[in-house]
Amino acid sequence: MKITSFLINFLITSLSVMVGLSLSKLARPTIPAIAHYFGTKGRYEEVNPHLLDDILFVNRSLLVPPSPDCRAIHMVSVIRHGTRYPTTKNVKKIARLFDLVVSDASGSASWLNNIKTWKMWYTEDMDGRLVDKGRDDHRHLAMRLAQSFPTLISEDLLRANRIEFITSSKHRCIDSVKAFQEGLHRLWDVQDMDYKHYVDDSLMRFFDHCERFVEGVENNKTALKEVERFKSSAEMDVVRKKISNRLQIPYNQITPDMAEAVFFLCSYEFAIKSENSPWCDLLDESDAQVLEYKSDLKQYWKRGYGHDINRKSSCPLFHDIFKRLDKAANDYRFGEVKKTATIQVGHGETLLPLLSLLAFFKDENPLTAENFSSQHNRMFRSGQIVPYAANLVFVLYECSDGFRVQLFLNEKPMTFPSMNHSAPLYETVRKHYSKLLHGCDFNKECDVPQSNLRNTEL
């Protein structure tokens with residue numbers, strides 16, 4: 001009887017473990033083979049895949065202070081909003097693609113049938129709003145940052161109003177900062193805390209107010225000529241022909257915008273719903289590399305190194321970050337640091353110009369319509385830099401030899417350009433950027449600021 005009882009218990013335990021493992025495998029979404037190429041439409045988890053196993057995992061080996069005697073005294077973070085719905089413009093592109101495929105595509109492949117029976121659920125009123133996954137992006141990021149830097153983000157510090165929250169006026173950013181605060185609420189199991197945030201578009205949407213950028217890039221059709229040239233390139237033609245053959249739809253109906261709509265639809269379905277959509281079957285890895293490059297070309301020429309004003313438009317945010325670090329250092333010298341953390345939520349367009357101004361991810365040769373084949377190992381890869389919930393974090397330390405600063409992008413340490421130390425002296429960093437600190441005047445660079453200007457966001 002004892003042996004029989006033992007066997008029964010063993011079988012039950014084994015079955016439970018097997019079912020648990022099966023369920024855990026089912027719970028983890030099947031990742032499209034091309035997910036690595038989704039650019040600014042990519043999930044944060046593609047940059048940090050370990051989060052798929054533990055969404056609150058903190059790699060403490062990356063958080064070592066500059067030396068044992070150092071103490072973190074202030075953090076400034078700039079964070080992109082979380083996962084969002086397509087904008088109205090992209091919903092219209094998706095709808096045109098769907099209508100074309102349903103009416104004209106032919107073939108007997110099972111994946112094609114899955115596409116034709118797919119329901120068009122995106123609506124124009126979604127217009128870039130934050131999705132549930134986007135709220136989770138920020139809730140979880142908040143919990144990880146608080147666990148990474150407990151002396152800068154804590155319940156007591158928040159209650160003492162020593163953590164400041166700033167956001168863009170866009171609904172997806174406001175909802176993201178609220179979700180960030182909810183994450184702290186859950187981490188500390190707080191029931192009675194009143195959260196505040198401040199809207200500041202001069203910092204988070206500086207591009208709207210830079211007249212020279214708006215006129216010279218935003219509203220200038222020739223500013224993105226490299227993107228237009230690439231849309232009619234041999235590489236894009238190959239992608240269009242392959243989609244045309246797979247759907248058995250005439251090539252001339254598969255425009256570059258239609259090809260991009262396939263790419264977008266695959267990325268949105270995955271980022272929002274964690275689904276490997278049948279739309280992804282229309283693209284292989286080489287197609288995705290071409291479409292990623294087209295997206296990176298746009299970001300390079302509109303937000304990065306393509307035009308000098310792209311970078312210079314971020315001067316207000318650049319100066320604000322250093323003013324906050326300066327103030328924290330001065331406060332420490334003369335007593336107590338008043339604010340321990342600044343959490344700022346903006347857009348991909350907030351981060352890319354700033355990172356370019358700081359001289360990160362600068363390739364030896366500019367990205368152009370002609371050099372796709374030589375840019376496979378480029379540094380300027382938007383999906384690795386600004387996926388949803390991308391974050392740039394400056395941490396100021398007080399050490400025995402002076403103040404030092406560490407920089408993290410997407411929770412990974414970054415070394416400042418032309419510096420060997422992972423946490424250089426703050427004064428060394430200030431000297432490195434001295435020309436910008438003593439220049440980079442927004443009014444001079446951008447002429448007269450203008451509000452209520454048309455723009456598009458990532």
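Each value, and the rule that gives it
Residues numbered from 1 in each chain as written. Predicted model: local features only at pLDDT ≥ 70, side-chain atom pairs only at ≥ 80, totals over all residues. Heavy atoms only, no water. Axes fitted to C-alpha atoms, helices over the stretch in contact; angles between N-to-C directions. Helix = DSSP H or I, 4+ residues; strand = E, 2+ residues; numbered from the N terminus. Parallel < 35°, antiparallel > 145°, perpendicular 65-115°, else oblique. Left-handed = near helix turned anticlockwise from the far one by under 90°. Contact = heavy atoms within 4.5 Å. Disulfide = S-S within 2.5 Å. Buried < 20%, exposed > 50% of the residue type's maximum accessible area, 1.4 Å probe, protein only. Nonpolar A, V, L, I, M, F, W, Y, C, P; charged D, E, K, R; others polar.

Looking at the packing of helix H10 (residues 234-247) against helix H12 (residues 285-302)
Two elements in contact, H10 and H12, have axes separated by 10 Å at closest approach and are oriented at 130°. For the element pair H10 / H12, the angle class is oblique. Pair H10 / H12 crosses with left-handed handedness. Listed contacts from H12 to Glu 235, Met 236, Val 239, Lys 242 and Arg 246 of H10 are Ser 286, Asp 287, Val 290, Leu 291 and Lys 294.

Re the state of the cysteines
Counting across every chain of the model gives four disulfides. Put simply, Cys 70 and Cys 399 are joined by a disulfide, and their sulfur atoms are 2.0 Å apart. Judged by the sign of its S-S torsion, about 115°, the bond between Cys 70 and Cys 399 is right-handed. You can see Cys 70 sitting in the loop between helix H1 (2-27) and strand E1 (71-80) and its partner Cys 399 sitting in strand E5 (residues 391-399), a full 329 residues away along the chain. This pair shows no difference in class: Cys 70 is buried, exactly as Cys 399 is. Disulfide pairing is shown between Cys 210 and Cys 446; the S-S distance is 2.0 Å. The sign of the S-S torsion, about -90°, decides the handedness of the disulfide formed by Cys 210 and Cys 446: left-handed. Here Cys 210 is found in the loop between helix H7 (201-204) and helix H8 (211-218), whereas its partner Cys 446 is found in helix H19 (residues 442-446), with 236 residues between them in sequence.

Notes on the packing of helix H11 (residues 256-273) against H12
Relative orientation of the contacting elements H11 and H12 amounts to 100°, with a least axis distance of 11 Å. In this view, H11 runs roughly perpendicular relative to H12, as classed from their interaxial angle. Mapping the contact onto sequence places Ala 259, Glu 260 and Phe 263 in H11 and Ala 288, Leu 291, Glu 292 and Lys 294 in H12. Among the residues making up the contact of H11 with H12, the classes are represented as four nonpolar, no polar and three charged.

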